[in-house]
Amino acid sequence: MQPEIQPAVSSKVFIQRDYSSGTICKFQTKFPSELESRIDKQQFEETIQTLNNLYAEAEKLGGKSYLEGCLACLTAYTIFLCMETHYEKVLKKIARYIKDQNEKIYAPRGLLLTDPIERGLRVVEITIFEDRSIGSGR
Amino acid sequence: MRECEYSQISTRSSTPMETPYKKRTPKKRKWETFPGRNKFYCDGRIMMAKQTGVFYLTLVLILVTCGLFFTFDCPYLALHLTPVIPVIGGVLFLFVLGTLLRTSFSDPGVLPRATPDEAADLERQIDVANGSTGYRPPPRTKEVVINGQTVKLKYCFTCKIFRPPRASHCSLCDNCVERFDHHCPWVGNCVGRRNYRFFYMFILSLSFLTIFIFAFVITHIILRSHRNGFLTALKDSPARYPFTAQPWLVVCFFSVWSIVGLSGFHTYLISSNQTTNEDIKGSWSSKRGKDNYNPYSYGNIFTNCCAALCGPLPPSLIDRRGFIESDAPQLAPPANGITMYGATQSQQSHMVSLYTVS
């Protein structure tokens, strides 16, 4: 039994924010050239688009968010001591989605998505690991 | 409030085996190594600017004014008019205090600084675009079109990021803040995306409170004067009720007007969805050009107000109370001169488990 091989980081790709719709959280869907050999364009775009949709849901202005805002104001914002904000709930959903995508799609291809919240919602960091899948001890 | 003291016990001992729980060296929380000029209290729960003297002055002014009002005017008014007056005064006072503390203690929307990897990646991209020179390159900007309006995004040399639209770098706190309004010394913090609504509620309720107190102090004097004559009432008051002395009233009058004026100004800003920063610079004023308009405005006053005051509250991006992960850099043999960066322990172990499974 061979000891576990620590995969080494080859490089990192950063998907920047797309500000063309204003200050809402949205990432560019442009396919970076470094990933061309690892994953197909459509898969990547689908991941980023789903993330964008989830962030849009978190920041959506509507009846529900207004209700939450008004209720919070009336209780002098003490309600957030026992309740999670809508935004936080969606962030948890996003974390689950990223974990799921990593396990199913990205890790088998030697890639790793970092949750944007860990980078201050500035970038989606994709770590590219060295491709040792051919002939490695398994 | 005293800063919570943290003293690190150095128990460095090199272990050949990597243990999942490092029980020897106590973990540091992220606020302890925060690069900005902020003060943290209660183990990272409370965040304020470095200069907090004026904030304590604000607190003292509010407490003293209300204290005097409740002690000297309320008993008389409750007896001769209605006991509802002190109740309303009390509710207003608590609301003012609550919103003030919330504004002062919360994270205004600070953007964390770029990680070394990100900064290097951005530098590479900019060098490719400009053509690398030996000198420090000119201020870097990116242009983006938002709702038909061209907006310039500036590169922040301190935080090593391109600032999002409406963000600005506060020189006092040395942080980039999202939707930066202004740095308010009275609340001892920046006013930005995450605490603007609390700030507005604070000045609005303070306006009501000051008008309320001012009106009822005058009422008190008038009621007394009906009994004793106006001049006698004014003469007596300073001796028996120091709060109703003439200099005090003048001070109150001017402070009422400045706070009410400020509330009015911010009401205008909210209804047009602008920040103080943008208004002062005249970013969206029609004087700059015929086609200049505010791309962030929703079009009508009602939506702008709702968005600013009742919209979703974004979480803090700086994770003050999280623990600092210990990085174990793993270097791969260099290829093409690309610098290798180490992944964190958790990421690597995650990757290892996935590789072995597949």
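Each chain carries its own residue numbering, running from 1 in the direction its sequence is written. Chains carry letters from A onward and ligands carry numbers from 1 onward, assigned in written order. Given that the model is predicted, a residue must reach a pLDDT of at least 70 before its local features are reported, and side-chain atom pairs must reach 80 or more before they are shown or counted; all residues, however, enter totals for whole chains, interfaces and linings. Side-chain metrics in this entry use all non-hydrogen atoms of the structure; hydrogen atoms and water are not considered.

Going by what an unreviewed UniProt entry lists, chain B is known as Palmitoyltransferase and is assigned to Amphilophus citrinellus. UniProt positions are given in the numbering used here, feature names are shortened, and annotations may be inferred rather than shown by experiment. Looking at chain B in UniProt, the text filed under Subcellular location (unreviewed entry) is "Membrane".

An unreviewed UniProt entry lists chain A under the name Golgin subfamily A member 7, with Amphilophus citrinellus as the source organism. Listed in UniProt under the heading Function (unreviewed entry), the comment for chain A reads: "May be involved in protein transport from Golgi to cell surface. The ZDHHC9-GOLGA7 complex is a palmitoyltransferase specific for HRAS and NRAS."

Peer 1: Would you take a moment to explain the overall build of chain A for this structure?
Peer 2: Only DSSP runs of H or I reaching four residues or more are called helices, and only runs of E reaching two or more are called strands; each is numbered from the N terminus. A count of helices and strands for chain A gives 3 helices and 3 strands. From first element to last, N terminus to C terminus, chain A shows the α and β order β-α-α-α-β-β. Relative to the globule expectation of 14 Å for 138 residues, the C-alpha radius of gyration of chain A, 19 Å, shows a markedly less compact shape. Across its three principal directions, the C-alpha atoms of chain A cover 65 × 40 × 20 Å. Relative accessibility under 20% of the residue-type maximum defines a buried residue, over 50% an exposed one, and the middle range a partly exposed one, all with a 1.4 Å probe and only protein chains included. Looking at chain A as a whole, 51% of its 138 residues qualify as buried. Every residue pair with non-hydrogen atoms within 4.5 Å of one another is taken to be in contact. Residue pairs in contact within chain A that sit at least 24 positions apart in sequence constitute 58% of those at least 6 positions apart. Our radius of gyration looks at C-alpha atoms and nothing else; its globule reference is 2.2 Å times the residue count to the power 0.38.

Peer 1: Would you explain the packing of aromatic side chains in this entry?
Peer 2: Remark: the centre distance and the inter-plane angle together describe each pair of aromatic rings, the angle taken between the planes. All names here are of chain B. In this analysis, rings of Phe, Tyr and Trp, with Trp reduced to its six-membered ring, are considered paired at centre separations within 6.5 Å, and the interplanar angle assigns stacked below 30 degrees, edge-to-face beyond 60, and tilted for intermediate values. By the definition in use, this model includes 16 aromatic pairs over all chains. Ring plane angle 75° and centroid distance 5.7 Å describe the contact between Trp 284 and Tyr 296, whose orientation is recorded as edge-to-face. Linking Trp 284 in the loop between α7 (276-281) and α8 (301-310) with Tyr 296 in the loop between α7 and α8, this pair joins segments that are 12 residues apart in sequence. We classify Tyr 296 as buried; its relative accessible area is 8%.

Peer 1: Is there a simple way to explain a positive patch on the surface in this structure?
Peer 2: Candidate patch residues must exceed 30% relative accessible area and have no salt bridge, after which like charges are joined if within 9 Å and Val, Leu, Ile, Met, Phe, Trp or Tyr side chains if within 5 Å. The accessible surface values rely on the Shrake-Rupley method and a 1.4 Å probe; as for residues, cover is taken only from the protein chains in view. By salt bridge we mean one thing: a side-chain nitrogen of Lys or Arg within 4 Å of a carboxyl oxygen of Asp or Glu. Counting rule for charge: Lys and Arg are taken as positive, Asp and Glu as negative, and neither His nor the chain ends is counted. By convention, charge coordinates are those of NZ in Lys, CZ in Arg, CG in Asp, or CD in Glu. Judged by side-chain charge, B:Lys152, B:Lys154, B:Lys281 and B:Arg288 come together as a positively charged surface patch. Looking at the secondary structure, you find B:Lys154 in strand β5 (residues 149-156).

Peer 1: What is the right way to read helix α3 (residues 86-106) of chain A from this model?
Peer 2: In an α-helix, one full turn covers 3.6 residues, which means residues spaced three or four apart are oriented alike. Residue and element names in this part refer to chain A. Multiply 1.5 Å by the residue count of a helix minus one, and that product is the helix's expected span. Taking 1.5 Å of rise per residue, 21 residues should cover 30 Å, and α3 covers 28 Å from first to last C-alpha, within 8% of that figure. Residues of α3 that are buried include every one of His 86, Tyr 87, Val 90, Leu 91, Ile 94, Tyr 97, Ile 98, Gln 101, Asn 102, Ile 105 and Tyr 106, and no others. Buried residues of α3, viewed axially, fall in a sector of 145°; they line one side. In this structure, α3 carries Arg 96, Lys 99 and Lys 104 as exposed residues pointing more than 90 degrees from its buried face. The arc refers to the directions leading from the helix axis to the C-beta atoms.

Peer 1: Sorry if this is basic, but what is going on with the side chain of A:Asn52 here?
Peer 2: Structurally, A:Asn52 can be placed in helix α1 (residues 41-58). If sequence neighbours within four positions are ignored, A:Asn52 has contacts with A:Cys25, A:Lys26, A:Phe27 and A:Thr29.

Peer 1: How should I be thinking about the nonpolar core in this particular structure?
Peer 2: One broad rule of soluble globular proteins: the nonpolar side chains tend to lie buried together. Nonpolar cores are built from buried Ala, Val, Leu, Ile, Met, Phe, Trp, Tyr and Cys residues. Side-chain atoms within 4.5 Å join them into one set. Among the nonpolar cores identified, the biggest contains 46 residues, and B:Ile62, B:Phe69, B:Leu100, B:Phe199, B:Phe202, B:Leu206 and B:Leu209 are the most heavily contacted of them. Elements with a minimum of two residues in this core: α2 (63-74) of chain A together with β2 (46-49), α1 (53-80), α2 (84-105), α4 (196-228), α6 (246-271) and α8 of chain B. Among the elements that line this core, the one with the most residues is α4(B), at 14 residues. Not counting the four nearest positions on each side in its chain, B:Phe202 is found in contact with B:Thr58, B:Ile62, B:Val96, B:Thr99, B:Leu100, B:Thr103 and B:Val187.

Peer 1: Could you clarify how one ought to interpret a nonpolar patch on the surface in this entry?
Peer 2: On the surface, B:Val54, B:Leu57, B:Leu61 and B:Trp186 cluster together to form a nonpolar patch covering roughly 360 Å² of accessible area. With relative accessibility at 44%, the residue B:Leu61 sits in the partly exposed group.

Peer 1: Is there a simple way to think about unusual backbone geometry in this case?
Peer 2: Residues and elements named next belong to chain B. One non-glycine residue, Arg 166, lies in positive phi territory at about 75°. Mapped onto the elements of the fold, Arg 166 is located in the loop between β6 (161-162) and β7 (168-170). Of note in the backbone geometry, Arg 179 takes a positive phi value of approximately 45° without being a glycine. Taking the relative accessible area as the measure of exposure, Arg 179 reaches 14% and is therefore buried.

Peer 1: So what exactly am I meant to see when it comes to the pairing of strand β3 (residues 123-129) of chain A here?
Peer 2: The two faces of the sheet receive side chains in turn, since in a regular strand these alternate between them. Residue and element names in this part refer to chain A. Buried residues dominate β3, accounting for 7 of its 7 residues. Every second residue of β3 is oriented toward a common face, with Val 123, Glu 125, Thr 127 and Phe 129 on one face and Val 124, Ile 126 and Ile 128 on the other, all of them buried. Only when DSSP finds a minimum of two bridges between them are two strands counted as paired. Judged from the 4 bridges that link them, strand β2 (residues 111-114) and β3 form a sheet pairing that is antiparallel. Its bridge partner being in β3, Leu 112 is matched across the sheet by Thr 127.

Peer 1: So what exactly am I meant to see when it comes to the sheet that holds strand β3 (residues 110-111) of chain B here?
Peer 2: The pairing of strands in a sheet happens through backbone hydrogen bonds and is either parallel or antiparallel. Ordered in space as β3-β8-β7 (chain B), the 3 strands form an open sheet in which the pairing is antiparallel. Of all the strands in the sheet, just β3 and β7 of chain B have a single pairing partner and so form its edges.

Peer 1: Quick question: what am I supposed to make of the sheet that holds β6(B) here?
Peer 2: The 3 strands lie next to each other as β4-β5-β6 (chain B), forming an open sheet whose pairing is antiparallel. Because the sheet does not close on itself, it has two edges, and the strands there are β4 (141-146) and β6 of chain B.

Peer 1: Whenever I open this one, the pattern of salt bridges confuses me. Can you help?
Peer 2: A side chain with one charge may pair with a side chain of the opposite charge, provided their charged atoms come close. Residues and elements named next belong to chain B. Counting across every chain of the model gives 16 salt bridges over all chains. Close ionic contact of Arg 29 with Asp 43 constitutes a salt bridge, the shortest N to O distance being 3.0 Å. Separated by 14 residues along the polypeptide, Arg 29 in the segment before β1 (38-41) and Asp 43 in the loop between β1 and β2 bring together distant segments of the chain. Of the charged contacts in the structure, one is a salt bridge between Glu 178 and Arg 193, with a shortest N-O distance of 3.2 Å. In this pair, Glu 178 sits in the loop between β8 (175-177) and β9 (182-184) while Arg 193 sits in the loop between β10 (189-191) and α4, placing the two residues 15 residues apart along the sequence.

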